[in-house]
Amino acid sequence: MYNFFFKRFFDIFFSIIAIPFFLLICFPIAILIIIEDAGPVFYTAERLGKNNVTFKMFKFRSMKVNAPDIRLSDGSTFNSKDDPRVTKIGKFIREYSIDEIPQILNVFRGDMSIIGPRPDVKSNENYYEEFITFLSVKPGITGYNQAYFRNESKRLEKIKNDKYYADNISFIFDLKIFFKTIFMVINKEGIYNK
C-alpha cells in the first residue's frame with residue numbers, strides 16, 4: 001500500500017515544498033556556473049527509470065563543457081577529489097549534493113521518487129539482468145546505497161543494495177534513509193571512489 005499510493009503522495013507533497021527552495025538556490029548557483037565557464041547551467045542525461053523506461057534527469061552541471069565521460073572497469077562513474085573535469089563550483093556543489101537538487105523537478109513530474117535506487121545510464125542496463133527487481137520501483141534522489149555508502153561501493157554492490165531496497169521498501173526504511181542521507185551530506189562522507 002505504501003509503495004503504490006502513499007509514497008507518491010509524499011513525493012508530490014515534498015516536491016511542492018522543495019520547488020520554491022530550488023528556485024531560490026537556482027539563481028546564485030546558475031550565476032556561479034555561468035561565470036566560471038559560460039556553459040549551460042543544467043546537465044540532462046537519459047537515465048533508466050521504473051520498468052526500464054528512460055527519462056531525462058536534471059542536475060546542476062558540475063563538469064566543464066564537453067568533459068569526457070570516464071568510467072571505471074565495472075561501468076561505474078569515476079569520482080576523484082582532483083578530477084580535472086570538475087569546475088570549482090562543481091566541486092563545491094558535489095560535496096554537498098547541491099547538484100542533485102534539480103531532480104526535485106523529476107520527482108514532481110513522476111520520473112523519480114525522493115527515496116529509491118540511483119538512476120543509471122541506459123548503456124549499463126545489461127548489468128541488471130540478475131537484479132531486475134529494483135527497476136520495479138522509481139529511482140530516487142537518494143536511496144539506501146547513496147545514504148549508507150554513497151560512492152564508496154562498487155557497481156555490483158550498488159546493484160545488490162538497490163535490490164535490497166526494492167525488496168524491503170517501507171515508510172520506516174525510507175525515513176531512515178532520509179535522515180542518514182542528511183548525516184552523510186553534512187559530514188561529506190563517501191564522496192569519492194575508494
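Provided above is the structure to which this section pertains.
A brief look at the structure comes next. All values reported here derive from a predicted model rather than from experimental measurement.

Attention shifts here to helix H1 (residues 2–37). Here H1 contains 36 residues, and its C-alpha end-to-end distance of 44 Å is more than 12% below the 52 Å for a straight helix at 1.5 Å per residue. Following H1 by one or two positions, Ala38 has its phi on the positive side, about 60 degrees.

Bringing the packing of H1 against helix H2 (residues 88–95) into the picture now. Closest axis-to-axis distance for the H1/H2 pair is 9 Å, and the angle between their directions is 145 degrees. Contacts between H1 and H2 involve Ile29, Leu32, Ile33 and Glu36 from the first element and Lys88, Ile89 and Ile93 from the second. A class-by-class count of the residues in the contact of H1 with H2 yields 5 nonpolar, no polar and 2 charged.

So, on to the nonpolar core. Core analysis: the largest hydrophobic core is formed by 29 residues, its most contacted members being Ile29, Phe60, Ile98, Tyr165 and Ile177. Contributions of two or more residues to this core are made by H1, strand S2 (54–60), H2, helix H3 (103–109), strand S3 (113–115), helix H4 (144–148), helix H5 (155–167) and helix H6 (171–186). Counting residues per element, this core draws most heavily on H1, at 8 residues. Sequence-distant contacts of Tyr165, that is, excluding residues within four places in its chain, are made with Lys7, Ile115, Gly116, Pro117, Tyr144, Phe173, Asp174 and Ile177.

With that settled, consider H2. Three or more residues of H2 are buried, namely Ile89, Gly90, Ile93, Arg94 and Glu95. Next to the buried residues of H2 lie H1, S2 and H6. Note on H2: the residue one or two positions beyond its end, Ser97, has a positive phi of about 55 degrees.

Right, let's talk about the packing of aromatic side chains for a bit. Counted under the stated rule, the structure contains 17 aromatic pairs. Among the aromatic residues, ring-to-ring pairing joins Tyr2, Phe9, Phe10, Phe13, Phe14 and Phe171 into one connected group.

Here is what the cut-offs are and how they apply
Every chain begins its residue count from 1, and numbering advances along the sequence as written. Local features in this predicted model are restricted to residues whose pLDDT is 70 or higher, and side-chain atom pairs enter the listing and the counts only when it is 80 or higher, whereas totals over whole chains, interfaces and linings include all residues. Remark: hydrogens and water are excluded; side-chain values derive from all non-hydrogen atoms of the structure. Helix numbers and strand numbers start at the N terminus; a helix is a DSSP run of H or I with at least 4 residues, a strand a run of E with at least 2. Expected span of a helix: the number of residues minus one, times 1.5 Å. Lines fitted to C-alpha atoms define the axes, with helix axes restricted to the stretch in contact, and inter-axis angles between N-to-C directions lie between 0 and 180 degrees. Contact between two residues is taken to exist if any of their heavy atoms lie within 4.5 Å; hydrogens are not considered. Throughout this entry, Asp, Glu, Lys and Arg are counted as charged residues, while Ala, Val, Leu, Ile, Met, Phe, Trp, Tyr, Cys and Pro are counted as nonpolar. The remaining residues, Gly among them, count as polar. As used in this record, nonpolar core signifies buried Ala, Val, Leu, Ile, Met, Phe, Trp, Tyr and Cys residues forming a set joined through side-chain atoms within 4.5 Å. Relative accessibility decides the category of a residue: with a 1.4 Å probe and only protein chains considered, values under 20% of the type maximum give buried, values over 50% give exposed, and everything between is partly exposed. Planes of paired rings set the category: under 30 degrees apart is stacked, over 60 is edge-to-face and the rest tilted, where pairs are Phe, Tyr or Trp rings (Trp by its six-membered ring) whose centres lie within 6.5 Å.

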